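Letter by letter, the chains look like this.
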Amino acid sequence: MPEPPDDTVTAPDGNPGSPAVGVGPWEGDLPEGDHWDRELLASGDTRNVVDAYRYWTHEAIVADLDERRHGFHVAIENWQHDLNIGSVVRTANAFLAKEVHIIGRRRWNRRGAMVTDRYQHVRHHPTVADFTAWAAAEGLAVIGIDNFPDSVPLETYDLPENCVFVFGQEGPGLTPEVHEAAQATLSIAQFGSTRSINASAAAAIAMHGWVRRHVFGQHV
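What counts and what doesn't
Residues numbered from 1 in each chain as written. Predicted model: local features only at pLDDT ≥ 70, side-chain atom pairs only at ≥ 80, totals over all residues. Heavy atoms only, no water. Helix = DSSP H or I, 4+ residues; strand = E, 2+ residues; numbered from the N terminus. Buried < 20%, exposed > 50% of the residue type's maximum accessible area, 1.4 Å probe, protein only. Contact = heavy atoms within 4.5 Å. Phe/Tyr/Trp six-rings, centres within 6.5 Å; stacked < 30°, edge-to-face > 60°. Pairing = 2+ DSSP bridges. Axes fitted to C-alpha atoms, helices over the stretch in contact; angles between N-to-C directions. Parallel < 35°, antiparallel > 145°, perpendicular 65-115°, else oblique. Left-handed = near helix turned anticlockwise from the far one by under 90°. Nonpolar A, V, L, I, M, F, W, Y, C, P; charged D, E, K, R; others polar.

Remarks on the overall build of the protein chain
- The number of helices and strands found in the protein chain is six helices and seven strands.
- Mapped in sequence order, the helices and strands of the protein chain form the string α-α-β-α-β-β-α-β-β-β-α-β-α.
- Along the first, second and third principal axes, the C-alpha set of the protein chain runs to 60 × 40 × 35 Å.
- Burial analysis of the protein chain (220 residues in total) assigns 45% to the buried set.
- In the protein chain, once contacts between residues fewer than 6 apart in sequence are set aside, the share between residues at least 24 apart is 61%.

Pasting the structure below:
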């Protein structure tokens, strides 16, 4: 497969101090294949995608990701329009989660996702009961992430390959319904003065823990 050109284009805002984003129009003979986007080949590709996907159609990128998605899912409780959800979706895309699940309100702030939600399957569940019924039908272990008296350390827990991490609302954390339904609730070791860390940061740590265990084979 031909490599895209190395030249980058100026950031969309035109500010010389902003980092370069994407690549310009394709140079030379046009490549062959249905996955190429003819419009992007002609005008350039400034999307937030890795270089391997430059000039690909959106549909082709999603199809390729679907062939490689990992066995974990991510769920976020959304009862108060949590601003962290977009960042969690962006991280889920980076670690190639199978799906992201929104529990509660359907609407969520997409700004933090940085358009990555276009490449990530997002499913809505109106209630915790609906979500847990879905997880049971899929054979997925529900793993809560929060600081409870019965939480066990994420660092010493052998994460199952097929699971769904659940994160609560920023502030109140996981609801009692999710806590009760979870196979295990895991805490993240902290060493400073704060009681908890940001939900999106916790999500990134948990997902990376799964990657270390099931992609790199690092046992606890």
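Past the structure itself, the notes keep going.
Topic: the packing of aromatic side chains
- Counted according to the given criterion, the structure contains six aromatic pairs.
- Both rings, one in Trp 26 and one in Tyr 55, keep their centres 5.3 Å apart while their planes meet at 75°; by these two values the pair is edge-to-face. Of this pair, Trp 26 sits in the segment before α1 (38–43) while Tyr 55 sits in the loop between α1 and α2 (58–66), and the two are 29 residues apart along the sequence. Here Trp 26 matches Tyr 55 in class, with each residue buried.
- A centroid spacing of 5.0 Å and a plane angle of 65° characterise the contact between Tyr 53 and Trp 56, whose relative ring orientation is edge-to-face.

As for the pairing of strand β4 (residues 141–145)
- Of all five residues that make up β4, five are buried, and the element is covered over most of its length.
- By the bridge criterion, five bridges tie β4 to strand β6 (residues 163–167) in an arrangement that is parallel. Each residue of the ladder has a partner; that of Gly 144, found in β6, is Val 166.
- Examined bridge by bridge, β4 and strand β7 (residues 184–187) share three bridges and lie parallel to one another. The residue of β7 that forms the bridge with Ile 145 is Leu 186.

Describing the pairing of β7
- Judged by which residues are buried, β7 turns out to be covered on both faces: Ala 184 and Leu 186 on one side and Thr 185 and Ser 187 on the other are all buried.
- Where strand β5 (residues 152–153) meets β7, two bridges bridge the pair, whose relative direction is parallel. Each bridged residue has a counterpart across the sheet, and for Pro 153 the counterpart in β7 is Ser 187.

What to know about the environment of Leu 186
- Mapped onto the secondary structure, Leu 186 falls in strand β7.
- For Leu 186, a relative accessible area of 0% corresponds to the buried category.
- Between the C-alpha atom of Leu 186 and that of His 208, which follows or precedes it by 22 residues, the distance is 14 Å.
- Beyond its immediate sequence surroundings of up to four residues, Leu 186 is in contact with Ile 143, Gly 144, Ile 145, Asp 146, Ser 151, Val 152, Leu 154, Tyr 157 and Leu 159.

Looking at the packing of helix α3 (residues 85–94) against helix α6 (residues 199–214)
- Between α3 and α6, the shortest axis-to-axis distance is 9 Å and the interhelical angle comes to 20°. With respect to α6, the element α3 is oriented roughly parallel. When the axes of α3 and α6 are compared, the crossing they make is right-handed. In this structure, α3 contributes Ser 87, Val 88, Thr 91 and Ala 92 to the contact, and α6 contributes Ser 200, Ala 203, Ala 204 and Met 207.
- Here the contact of α3 with α6 is built from residues that sort into five nonpolar, three polar and no charged.

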